[in-house]
Amino acid sequence: MPDKPTLVKCLVWDLDNTLWRGTLLEDPDVELADGVRDVIAELDARGILHSISSKNDYDLAWTQLEKLGLAEYFVFPQIGWGRKSDAVLEIAERLNFAPGAIAFIDDLPTERAEVNFAAPDVRCYPAEQIAALPGLPEFSPAVVTVDARRRREMYQAGFRRDAEKESFNGPDEEFLRTLDLVMTIKFADHEDLSRVEELTLRTSQMNATGVHYSDAALRGLLADPAHAVLTVNMADRFGPHGAVGVMLLERRPGIWHLKLLATSCRVVAFGAGAVILNWLVDQAARADAHLAADFRKTDRNRMMEIAYRFAGFTDDACTCLAGLGTLTGRDGVQCLHLAAERRAAPTTMRLDSPELAAR
Amino acid sequence: MTAEQAAEAAPISAQAVEEALLAFLAERIKTSVAVDQDLFGSGLVSSMFAMQLVVHLEEAYDIAIIGPELKLDNFRTVQAMTALVLRLSAARDG
Ligand SMILES: [Zn+2]
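Residues numbered from 1 in each chain as written. Chains lettered and ligands numbered in written order. Predicted model: local features only at pLDDT ≥ 70, side-chain atom pairs only at ≥ 80, totals over all residues. Heavy atoms only, no water.

An unreviewed UniProt entry annotates chain B as Acyl carrier protein of Actinomadura violacea.

As annotated in an unreviewed UniProt entry, chain A carries the name HAD-IIIC family phosphatase and is attributed to Actinomadura violacea.

Rendered as structure tokens:
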């Protein structure tokens, strides 16, 4: 069986004679090419982002896109007079996508060749193929999660957030308070896990424990009374961040064992890891339990190790660890330990969470 | 003198590290602190900022702060961070 093609995560559009018929500078009332509106809406619903690389006057082109009712679909539009390969790679970088996850559509063979030369991993399509794009396997993700459909909304909220942060001149913590952040932790159901699957598939995720649990394994534990599978969502006044974390916790009398903690990179800057751990420590303290956490160093989870250590986890031995089914020693997994004591609520966000001890 | 320059002058002095740290903190949290002030207890810096502190100290003084050394008490005051920097630098050079 052939390998599944790498999915396209962002489609970059040329404007003149591709997205619309004609050249804007010659015809100020250009109309959309056939099928463009449907294709954009369909791919957007599949969680594929849209962007623009066009040699045009920015204000004119953007005004026209607004008039056509399409402007809201595009993230990081590159409209100017530079090289298209630069524009496409800039978009990939801003989105933190590999060039192989970017597609480019343009009516001019020379532009496609230029992009192809400088960025060979970017897939290029001629304008005649617009209507065919939704039928191609690389534009057809097998599972469309709730979050995939809201991805554009989240990216755009992210841009507005970044713009405000750049203009904000004060301590980070003070800035965070202006965002009206809300974190919601809840016992997961099957739909929540579909959202988390997206999180664990994405390359940008940070798995704090460094230990992988498959979607099937997590679903299998939903009904297990000894285990709690929890998901974390965040939102702020700009919009949702979506599902940003997942935890797997085994609760025994006197000892709670954190087996999995994965959070999205999107929320690292908000201190989400520390807030989650602090909440967990407080919950364990209420249940008179110590906490143990599996941790395996990877080249990407250092920030989470710091979060664990600053939350108070150590390498110290404790009698509570005896008989715990940890993965210690296997594949470099350590078991960090903490004698839980009550913790104050976070000062940078509102936290909606269940009582773990009560269930 | 910046922290980077301080790192080049060997051996580094406690005073130089303290001064560089105070300047760094004044710039980042927009307020001046005392060397023995509890940065976390007073709510001045978030745990997220603490992570930035770790990375800053490692880069400025060419040290690796790992495992048990990452405990919060090592970062609670300017004095504690200075002691940590001196100890890890000495261990590296020794
Ligand atoms: Zn214990």
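## Things to note about the overall build of chain A
Which entries qualify depends on this criterion: The secondary structure listing takes helices from DSSP runs of H or I that are at least 4 residues long and strands from runs of E that are at least 2 residues long, numbered from the N terminus. Two residues qualify as a contact provided that any one of their heavy atoms is within 4.5 Å of a heavy atom in the partner residue. Methods summary: accessible areas were calculated by the Shrake-Rupley approach with a probe of 1.4 Å, and residue burial reflects only the protein chains presented.
Regarding its fold elements, chain A presents 11 helices and 15 strands. Here the contacts in chain A between residues at least 6 apart in sequence split such that 71% fall between residues at least 24 apart. Within the structure as shown, chain A displays about 16,000 Å² of accessible surface, and the carbon and sulfur contribution to it stands at 52%.

## Overview of the coordination of the zinc ion
Angles at a metal have ideal values that depend on geometry: 109.5 degrees with four tetrahedral donors, 90 or 180 degrees with six octahedral donors. Residue and element names in this part refer to chain A. Where we set the bar: Listed donors are limited to N, O and S atoms within 2.8 Å of the metal, widened to 3.2 Å for Na, K and Ca; water is not among them, so incomplete-looking sites are possible. Under this scheme a four-donor centre is tetrahedral when all angles range from 85 to 135 degrees, a four-donor centre is square planar and a six-donor centre octahedral when opposite donors are above 155 degrees with the rest from 65 to 115, and any other centre is irregular.
Protein ligation of the zinc ion involves His 290 (ND1), Cys 318 (SG), Cys 320 (SG) and His 337 (NE2), the donor distances falling in the range 2.0 to 2.3 Å. One can describe the donor arrangement at the zinc ion as tetrahedral, given that its four donor atoms subtend angles of 104 to 122 degrees at the metal. Sequence spacing among the residues donating to the zinc ion works out to H-x27-C-x1-C-x16-H. On the criterion of sequence distance, the pair formed by His 290 in strand β13 (residues 290-296) and His 337 in strand β14 (residues 333-338) is long-range, its members being 47 residues apart.

## A short note on the pattern of salt bridges
Residues and elements named next belong to chain A. As a reminder, the rule being used: We define a salt bridge as a contact between a side-chain nitrogen of Lys or Arg and a carboxyl oxygen of Asp or Glu at a distance within 4 Å. Here's how the labels work: a residue is buried when its accessible area is under 20% of the maximum for its type, exposed when over 50%, partly exposed in between, all with a 1.4 Å probe on protein chains only.
The tally for this structure, following the rule as stated, stands at 26 salt bridges over all chains. Put simply, Arg 343 and Glu 341 hold a salt bridge, and the shortest N to O gap is 2.5 Å. Look at Glu 341 and you get partly exposed, because its relative accessible area is 37%. For Asp 352, the salt bridge identified is with Arg 350, shortest N-O distance 3.4 Å. The exposure class of Asp 352 is partly exposed, given its relative accessible area of 33%. Shared partners join several salt bridges into a network, and the residues in it are Asp 282, Arg 286, Arg 342 and Glu 355.

## Remarks on unusual backbone geometry
Unlike most non-glycine residues, Asp180(A) shows phi in positive territory, near 55 degrees. Relative to the elements of secondary structure, Asp180(A) occurs in the loop between α7 (172-178) and β8 (181-187). When its relative accessible area of 46% is taken as the criterion, Asp180(A) is described as partly exposed. A positive phi is found at Asp62(B), a non-glycine position, where the angle reads about 55 degrees. Relative to the helices and strands, Asp62(B) is located in the loop between α3 (47-61) and α4 (78-93). Residue class for Asp62(B) comes out exposed when judged on its relative accessible area of 56%.

## Quick look at helix α2 (residues 14-29) of chain B
Defined as follows: For a helix, the expected span equals 1.5 Å multiplied by the number of residues minus one.
The end-to-end C-alpha separation of α2(B) is 22 Å, in line with the 22 Å expected for 16 residues at 1.5 Å each. At the C-terminal side of α2(B), Lys30(B) shows a positive phi close to 55 degrees.

## A word on empty space enclosed by the protein
Residue and element names in this part refer to chain A. Condition: Cavity: a set of points on a 1 Å grid over the protein atoms alone where a 1.4 Å probe fits but cannot get out. Pocket: an open set with protein on both sides within 12 Å along at least five of seven lines, its lining residues, like those of a cavity, having an atom within 4 Å of a point. Grid points are joined across faces, edges and corners, and a volume is the space filled by probe spheres set on the points. Each residue gets one label: Ala, Val, Leu, Ile, Met, Phe, Trp, Tyr, Cys and Pro are nonpolar, Asp, Glu, Lys and Arg are charged, and the others, such as Gly, are polar.
For the structure on display, the rule yields two cavities of 30 Å³ or more. If you add up the space inside the second largest cavity, you get close to 70 Å³. Residue lining of the second largest cavity: 13 residues in total, with Val 268, Gly 271, Ala 272, Gly 273 and Met 304 positioned closest to the centre. Where the lining of the second largest cavity is concerned, the elements lending two or more residues are α10 (272-286) and α11 (302-311). Across the lining of the second largest cavity, the residue classes break down as nine nonpolar, four polar and no charged.

## As for the sheet that holds strand β6 (residues 102-105) of chain A
Residue and element names in this part refer to chain A. Our working rule: Criterion used throughout: strands pair if DSSP finds at least two bridges between them. Axis definition: a line fitted to C-alpha atoms, limited for helices to the stretch in contact. Angles are taken between N-to-C directions and run from 0 to 180 degrees.
A sheet is described by the order of its strands in space; here five strands give the open sequence β5-β4-β1-β6-β7, paired in parallel fashion. The two strands at the open ends of the sheet, each matched to only one other strand, are β5 (78-80) and β7 (123-125). Taking each pair of neighbouring strands and ignoring which way they run, the sheet shows an average axis angle of 20 degrees. In terms of strand pairing, strand β4 (residues 49-55) meets β5 through three bridges, oriented parallel. Across the sheet, the residue bridging to Ser 54 is Ile 79, located in β5. Where helix α1 (residues 36-45) meets the sheet, its contacts fall on β1 (10-13) and β4, and the angle it forms with β1 comes to roughly 155 degrees.

## Thoughts on a negative patch on the surface
All names here are of chain A. Convention followed: Each patch is built from residues lacking any salt bridge and having more than 30% relative accessible area; the joining distance is 9 Å for like charges and 5 Å for nonpolar side chains (Val, Leu, Ile, Met, Phe, Trp, Tyr). Charge counting follows a simple rule: Lys and Arg are positive, Asp and Glu are negative, and His as well as the terminal groups are ignored. Here the site of a charge means atom NZ of a Lys, CZ of an Arg, CG of an Asp or CD of a Glu.
Where like charges cluster on the molecular surface, the negative patch consists of Glu 26, Asp 27, Asp 29 and Glu 31. If you trace the backbone, Glu 26 turns up in the loop between β2 (20-21) and β3 (31-32). According to the relative accessible area criterion, Glu 26 is exposed, its value standing at 68%.

## Regarding the packing of α2(B) against α4(B)
All names here are of chain B. Applicable threshold: Here the angle decides the label: under 35 degrees means roughly parallel, over 145 means roughly antiparallel, 65 to 115 means roughly perpendicular, and every other value means oblique. By convention, the crossing between two helices is left-handed when the near helix turns anticlockwise from the far helix through less than a right angle, and right-handed when the turn is clockwise.
At a minimum axis separation of 9 Å, α2 and α4 run at an interaxial angle of 130 degrees. When the interaxial angle is binned, α2 and α4 end up oblique. The hand of the α2/α4 crossing is right-handed. Residue-level inspection shows Ala 14, Val 17, Glu 18, Leu 21, Leu 22 and Leu 25 of α2 in contact with α4, the latter providing Val 78, Gln 79, Met 81, Thr 82, Val 85 and Leu 86.

## So, the pairing of strand β12 (residues 255-263) of chain A
All names here are of chain A. Across the nine residues of β12, nine count as buried, placing the element largely inside the fold. Taken together, strand β11 (residues 239-252) and the strand that follows it, β12, pair antiparallel across an intervening segment of two residues, in which Gly 254 is found at a positive phi of about 85 degrees. Where β12 and β13 come together, four bridges link them in parallel fashion. Looking at β13, one finds that Leu 258 is bridged to Ala 293.

## Comments concerning the environment of Pro5(A)
Residue and element names in this part refer to chain A. Here Pro 5 is to be found in the segment before β1. Given a relative accessible area of 34%, Pro 5 falls into the partly exposed group. Expressed as a C-alpha distance, the spacing of Pro 5 and Leu 136, which sit 131 residues apart in the sequence, is 9.8 Å. Discounting chain neighbours no more than four positions away, the residues touching Pro 5 are Pro 137 and Glu 138.

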